[in-house]
Amino acid sequence: MLTLTRQEALGFVERRLNIGEAEKLLAEDRVAFLDQLIVAFHNSVPFQTMTNMAVSPEKRRVPSLDEIKQDVYSGRGGMCIALNGYFHALLAALGYDCYLTEGRMWDADPNTHAVIIVRNLLGTDDSRLVEVGVGYPTLGAVPLDFDLESPTSVELVWRGRVVRVEGERDETRGTRCPVFLRQRKQIDPEEVARLGFGVRENPEQWNTVYRFKLEPQSFVELYEHIDANVFRNASHGLNRTLRLMQWRNNRAVIVLNDLLVRETGEGVCLPVRLESDAEIAVTILREFPVFDRDLVEKAIEQWRRLPGK
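Residues numbered from 1 in each chain as written. Predicted model: local features only at pLDDT ≥ 70, side-chain atom pairs only at ≥ 80, totals over all residues. Heavy atoms only, no water.

Because an α-helix completes one turn every 3.6 residues, residues spaced three or four positions apart along the sequence face the same direction. Along helix H9 (residues 277–287), the residues that are buried comprise Ile280, Ala281, Thr283, Ile284, Leu285 and Glu287. Contacts from the buried residues of H9 go to helix H4 (50–53), strand E10 (243–248), strand E11 (251–256), strand E12 (259–265) and helix H10 (293–304). (Buried < 20%, exposed > 50% of the residue type's maximum accessible area, 1.4 Å probe, protein only. Helix = DSSP H or I, 4+ residues; strand = E, 2+ residues; numbered from the N terminus. Contact = heavy atoms within 4.5 Å.)

Glancing now at the packing of helix H5 (residues 65–74) against helix H6 (residues 80–93). Close contact between H5 and H6 brings their axes to 10 Å; oriented N to C, the two are set at 80°. Comparing their axes, H6 and H5 come out roughly perpendicular. Two secondary-structure elements touch here, H5 through Ile68, Lys69, Val72 and Tyr73 and H6 through Ile81, Ala82, Leu83 and Tyr86. Residues of the contact of H5 with H6, tallied by class, amount to seven nonpolar, no polar and one charged. (Axes fitted to C-alpha atoms, helices over the stretch in contact; angles between N-to-C directions. Parallel < 35°, antiparallel > 145°, perpendicular 65-115°, else oblique. Nonpolar A, V, L, I, M, F, W, Y, C, P; charged D, E, K, R; others polar.)

Quick look at the side chain of arginine 184 now. Tracing the backbone through its elements, the reader meets arginine 184 in strand E8 (residues 175–186). By relative accessible area, arginine 184 is classed as buried at 7%. One polar contact links arginine 184 to glutamate 201, side chain to side chain, over a distance of 2.6 Å. With near-sequence residues (within four places) excluded, arginine 184 lies in contact with Trp106, Tyr136, Trp158, Arg159, Gly160, Glu201, Gln205, Trp206, Asn207 and Val209. (Polar contact = N/O pair within 3.5 Å; in protein donor to acceptor, adjacent residues only side chain to side chain.)

Looking now at the pattern of salt bridges. Taken as a whole and judged by the stated rule, the model has 20 salt bridges. Between aspartate 71 and arginine 76 there is a salt bridge; the shortest N-O distance is 3.1 Å. Overall, aspartate 71 belongs to the buried group, its relative accessible area being 13%. A salt bridge links glutamate 287 to arginine 286, with the shortest nitrogen-to-oxygen separation between them at 3.2 Å. Here glutamate 287 falls in the buried class, since its relative accessible area comes to 8%. Counted as one network, the salt bridges with shared partners bring together Arg248, Arg262, Arg286 and Glu287. (Salt bridge = Lys/Arg side-chain N within 4 Å of Asp/Glu carboxyl O.)

What follows is the structure, given as structure tokens:
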């Protein structure tokens, strides 16, 4: 189980997220402080596949709990189990009522994503989706008390929403357990194609990024399943791409394989093609100086070994 003490959590909030007087802010407005934490985390800790890609495929594994703590605290970041796992532990240490559940990405096998649910935030049995580990921005907790769908928001070059559908019937309870779909639709399909994003999407419709239920799962169970279904699965997309994504002043900076993308305005991004492995390495080290050259060069080397690269 990944846990933090309250002192560790407050230290992370102050030193990594640069938020002072955390206990005062938490006491004044738990909802506003939650959103402040989410935004600060996006701006401080990257989603990245570099540490995974730097290892040969047969040696890849989910990071240990100590490695997750070190990678997030240092600002190196990681993938969903590290980012959402750590953020869940942070919220729990700060006194939020929260749990993890599985997310099913792109209709693939179950247990390929970890999702955070915060409940009872208003003392009314309410539930909210909290997401800091999918690689694209969700700059606030999403209330799930709607009948059909949440309000839409701009998420980089997409419009995003969460949709509620009926799931399978629970014979024990005699009811159907609702399923929630995290969806997005391209704002400008030509722009998305130019950036090399959205390769699995139908540009004319809402696409489901992942689905989840309001059913708590243990961190240990998610940890083991994501290790098998993502880290040790050589065909998984996150084992086939160089990907670093972080928000700075709420604008995206992204390296996706041999492309550097900067968000210059809401829904507007500027891509720059990186012409050589040396340029990819220099760009990553400049934009994400927390990584050392040896790791970056090993990740690029493993990426180049993939068929078609």
